[in-house]
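Residue strings, one per chain:
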Amino acid sequence: MSIDPYDPCPCNSGKKYKFCCHSIGDEVSKISHLHETHQTATALQLLDRLKKKHPEQPLSYITEAQILMAERRFEDALVPLNECLEREPDHPAAHSLLATSSFLAHGYKQSQKTIYTALQKCAAVDVSLATPLAISIAIALQMRGYYLAAREHFALAMRVASQEYQQNLFMNLLEFDGDDQIPYQFRGVHVLERCPLEDSDQQATFEKAQRLANLGCYRSSASLFKQLAEATGLVTLWKNAAFCYAWASDEVKAAELFHEAAGIESDFAEAVELETLAQLLDLNNTGEVVNSIEKVFEVESLSKFLTQMDQHPQVLRGNVPPAQDPEETTPAAYYQILNTELDADSRGEGITLETVPVVIGDIDVFDADRQLGNPAIVRLYAYEGDQLEKTEQIFESALGKEGKKECGLQEVEPDSEEAGTPLSPIPTEQWPLFFRWSFPQKMPILKRRELEAEQWKKLLSGIWSQTPLAGLDGKTPAEAAKEDSLKVALTAAAYVLDAQTLSLGHFLDFSELDPELGISELAPLAVDASSHFNTCSSMTQNRIPVKELSDPQLMYIFNRALLIRHPRFLYDVLIEVLSRDECKKEVDLDRVYTTLTEICHKKNQREEMLSWIHKGQENAQAQPEHAFESELQWKMRELSFRLEDTSDPGLSDFMKGIWDNYGKKMPQIREYLKAFAQAFDLDLPWMKESSLLDTCDLAGNVSSEGIWSPGEAAPEADSGSGSKLWLPGQS
């Protein structure tokens, strides 16, 4: 191990190498190499001998723990780390690894005391040693749905990390804040507010709570803030305590304190934001959910089973999604079970809200593994209640008694290691918003979108207002609207709905709600030239009146809005940026027009959407470089939207324009157009004629970007090299 004697010791004790683990460095280096070459058992045996020979050297204990953790033996890793701390109670790296192993073995709540000790020990020597611990906690909490806690632990990792990790952690935060499946109120920054206190002892307690929170000791900090809140009754302290409990993953306690803070907050908008957080956390932890139920069957003859499924008019074979994990077993077949028959050859002419086929259940079919002796498996799953009951009835009727015997179907107990279904539990009060439909393949996408818009209008203007909500003490929004005492809670419930609809792909406009409820968006924030927005939460940010901002303020908010991507606010920001010449110079106009196109598309505002596409095309044509590629991207984007309405009288001419103007330079484009014509069942006589003409030899070359130019070789329609140009359907 080639280390300068006066460099820091690799055991991360904070001491110089010469005065710490110098005597065993070379042996540990050889042992580490054994582990790297997959000789883990030998490496661990040698480390055990080394510990007995040099019990005072921390590096052997630290290395053993790191090897065990790399092997995911987190419980075993606790042993050498505790041995190390018996000899060196303040060793920061040992504390950090002990906390990480304990967390991964036992979970966050059980390991909080160990974690807090590690964070404080690391802060005393080298705070960056806590970085892996904070990252591990953040990732695990995000996977478990503790979003406020996960986001704050990513921020903690950023605060303590050394420079080399800063960029990656910043990208983690950007990815988190841009995840539209996380309620936007949980994304973005949340800060603890200052609160000067006249009593010196109380002020000292406040400062201690602040320090503990900065270190990541959130539960300890929450307890101190709560004590101060109870003593003073100040809303800021209740709010700080609530955030710290949330960051400690105690969402039930956090929700309780957010409710408390909302009840005493005098500012209506602030009260609504606090109550919104409380209701979202309550929903995250409710026991009132609609669960999906799984039935598992072994089957002897898979071919007979598939034949019987294919013959039933309410069992629809679907495309098997590609595996996300290379080790994941991919189904051999996938089916959706519908509540009514689907005419697969129709264009959906008779489908209305009342007759649209609803997906009520799913079937995954897995091949037998002959090598391991595992039989073929069928997994049937549906949401409990009427959908499960109907799913089982259709499944039974598709097979029949004789069919079960023929394919050898037998129900078995689900494997506990693979328990759970792809369908997540849905809070009971959100169930009315949830729908899954199936359409004939030839049904125009525009008609599907119109039906979805009609369904959302029905849900938001009628059904939601009649749905009992826990945040309204079990009352419906229509009932709560009659009580002034529930005005804050009712407005908060609308913002919870806003987050829910966004995660389901719909952009809520408050005008869609029943006007009898009297709900409107929160009043704009008061701003002036001195206003700073770096500590604004996402919900507060959406209240910023963008027209009143200076150019520098607007550009700061522009970047924040693009990250959180709340459509109502983002649309206003982009429109304002385009209205200011100086701001337009600072932004990527292609990205601006693309985002406006996406927003208008989601809102079914087709005319405005097409106007932004044309703006994007004009901008592409004005670019000195890559104008051809950029302009083609916009043309293909417009085509993807026009294809949603195959009755569009201008569709054929538009496709022919792409064929003629871009197909010669980029032959792959014509293959895409042929594929679109086939997929959407388009009758394009000109395409057949052009395809015949294209069979003649044409000298030329195709570049790595897929662009044809004159030369010796003939361009191929499908070179196999792939195009670097974005096209609809490509990732």
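Residues numbered from 1 in each chain as written. Predicted model: local features only at pLDDT ≥ 70, side-chain atom pairs only at ≥ 80, totals over all residues. Heavy atoms only, no water.

This part takes up the overall build of the protein. Along its length, the protein carries 29 helices and ten strands. Along the longest, intermediate and shortest principal axes, the C-alpha atoms of the protein span 85 × 70 × 70 Å. Within the span of the protein, comprising 731 residues, buried residues form 49% of the whole. Entry remark: accessible area of the protein is about 36,200 Å², with carbon and sulfur atoms responsible for 48%. Averaging the coordinates of the 68 positive side-chain charges in the protein and doing the same for the 114 negative ones gives two points 2 Å apart. (Helix = DSSP H or I, 4+ residues; strand = E, 2+ residues; numbered from the N terminus. Buried < 20%, exposed > 50% of the residue type's maximum accessible area, 1.4 Å probe, protein only. Areas by Shrake-Rupley, 256 points an atom, 1.4 Å probe, with all protein chains shown as cover. Lys, Arg positive; Asp, Glu negative; His and termini not counted. Charge placed at Lys NZ, Arg CZ, Asp CG, Glu CD.)

Under the counting rule described, the total for this entry stands at 20 aromatic pairs. Taking the centre distance of 4.7 Å and the plane angle of 40° together, the rings of Phe435 and Trp437 count as tilted. Judged by relative accessible area, which is 21%, Phe435 ranks as partly exposed. An aromatic cluster is defined as three or more aromatic residues linked by ring pairs; in this entry it consists of Tyr218, Phe243, Trp247 and Phe258. Lying over the aromatic face of Trp634, Arg637 brings its terminal NZ or CZ to 4.5 Å of the ring centre. Note that Arg642 overlies the ring of Phe654, its terminal NZ or CZ placed 5.0 Å from the centroid. (Phe/Tyr/Trp six-rings, centres within 6.5 Å; stacked < 30°, edge-to-face > 60°. Lys NZ or Arg CZ within 6 Å of the ring centre and 35° of its normal.)

This part is about unusual backbone geometry. Outside of glycine, negative phi angles account for most residues, and trans bonds account for most peptide bonds. Positioned with a positive phi, His38 is a non-glycine residue whose angle comes to about 65°. Note that His38 resides in the loop between helix H1 (25-36) and helix H2 (40-53). What makes His38 exposed here is its relative accessible area of 74%. Of note in the backbone geometry, Ser249 takes a positive phi value of approximately 70° without being a glycine. Note on placement: Ser249 falls in the loop between helix H12 (235-247) and helix H13 (251-264). Look at Ser249 and you get buried, because its relative accessible area is 2%.

Let us look at the confidence of the model for the protein. Confidence in the prediction of the protein, expressed as mean pLDDT, is 90, and 93% of residues score 70 or more. Predicted confidence for residues 695-731 stays below pLDDT 50, and this span has 71 contacts to residues more than four positions away or in other chains. (pLDDT = per-residue confidence, 0-100. Contact = heavy atoms within 4.5 Å.)

Now for the pattern of salt bridges. One pass over the full model with this rule turns up 33 salt bridges. Of the charged contacts, one joins Glu207 and Arg194 as a salt bridge, the two residues approaching to 2.8 Å between their closest N and O atoms. Taken together, the residues Glu207 in helix H10 (residues 200-215) and Arg194 in the loop between helix H9 (163-177) and H10 connect sequence positions 13 residues apart. The partly exposed category is assigned to Glu207, whose relative accessible area is 25%. Ionic pairing is found between Arg436 and Asp362, a salt bridge with its closest N-O pair at 2.6 Å. Highlighted residues: Arg436 in the loop between strand E8 (426-427) and helix H17 (445-463) and Asp362 in strand E5 (residues 359-366), separated in sequence by 74 residues. Overlapping salt bridges, with partners in common, bring together Lys547, Asp551, Glu576 and Arg580 in one network. (Salt bridge = Lys/Arg side-chain N within 4 Å of Asp/Glu carboxyl O.)

Moving on, we come to the sheet that holds strand E2 (residues 292-299). One open sheet holds the six strands; their spatial order is E3-E4-E5-E6-E2-E7, and the pairing between them is antiparallel. Strand pairing shows two members of the sheet lacking a second neighbour, strand E3 (315-318) and strand E7 (410-412), which therefore form its edges. The mean inter-strand angle of the sheet, taken between neighbouring strand axes irrespective of direction, is 30°. Looking at chain direction, strand E4 (residues 333-338) and E5 are connected through six bridges and run antiparallel. (Pairing = 2+ DSSP bridges. Axes fitted to C-alpha atoms, helices over the stretch in contact; angles between N-to-C directions.)

What follows covers the packing of helix H5 (residues 92-106) against helix H7 (residues 131-143). Between H5 and H7, whose axes approach to 9 Å, the crossing angle comes to 15°. Considering the angle they form, H5 stands roughly parallel to H7. For the pair H5 and H7, the crossing hand works out as left-handed. Residues Ser96, Ala99, Thr100 and Phe103 of H5 lie in contact with H7, whose contacting residues are Leu133, Ser136, Ile137 and Ala140. Class assignment of the residues belonging to the contact of H5 with H7 gives a composition of five nonpolar, three polar and no charged. (Parallel < 35°, antiparallel > 145°, perpendicular 65-115°, else oblique. Left-handed = near helix turned anticlockwise from the far one by under 90°. Nonpolar A, V, L, I, M, F, W, Y, C, P; charged D, E, K, R; others polar.)

In this section: the side chain of Arg449. Secondary-structure assignment places Arg449 in helix H17. Beyond its immediate stretch of four places on either side in the chain, Arg449 contacts His601, Lys602, Asn604 and Glu644.

Take helix H24 (residues 589-602) next. Compared with the 20 Å implied by 1.5 Å per residue over 14 residues, the 20 Å span of H24 between its first and last C-alpha is a close match. Buried within H24 are the following residues: Leu589, Val592, Tyr593, Thr594, Thr595, Leu596, Thr597, Ile599, Cys600 and His601. Packed against the buried residues of H24 are H17, helix H21 (551-564), helix H22 (567-578), helix H23 (581-586), helix H25 (606-621) and helix H26 (627-642). Two or three places before Asp590, at the opening of H24, Asp588 has a side-chain oxygen 3.1 Å from that residue's backbone nitrogen. Just downstream of H24, Asn604 is the residue with a positive phi angle, here 60°. (Expected span 1.5 Å × (residues − 1). Polar contact = N/O pair within 3.5 Å; in protein donor to acceptor, adjacent residues only side chain to side chain.)

A word on the environment of Met555. In this fold, Met555 is placed in helix H21. By relative accessible area, Met555 is classed as buried at 9%. In this view, Met555 contacts Cys583, Glu586 and Val587; residues no more than four positions away in its chain are not counted.

With that settled, the discussion passes to the pairing of strand E6 (residues 376-383). When you tally the buried positions in E6, you get seven out of eight residues, the bulk of the element. Where E2 lies against E6, eight bridges are found, and the strand directions are antiparallel. Residue pairing across strands places Glu298 opposite Ile377, the latter belonging to E6. With five bridges connecting them, E5 and E6 associate as antiparallel partners. What sits directly across from Phe366, in E6, is Ile377.

Relative to the helices and strands, Thr236 is located in helix H12. Judged by its relative accessible area of 15%, Thr236 falls in the buried class. Each C-alpha atom of the pair Thr236 and Phe225 lies 9.4 Å from the other, and the pair is eleven residues apart in sequence. Excluding residues within four positions of it along the chain, Thr236 makes contact with Glu193, Arg194 and Cys195.

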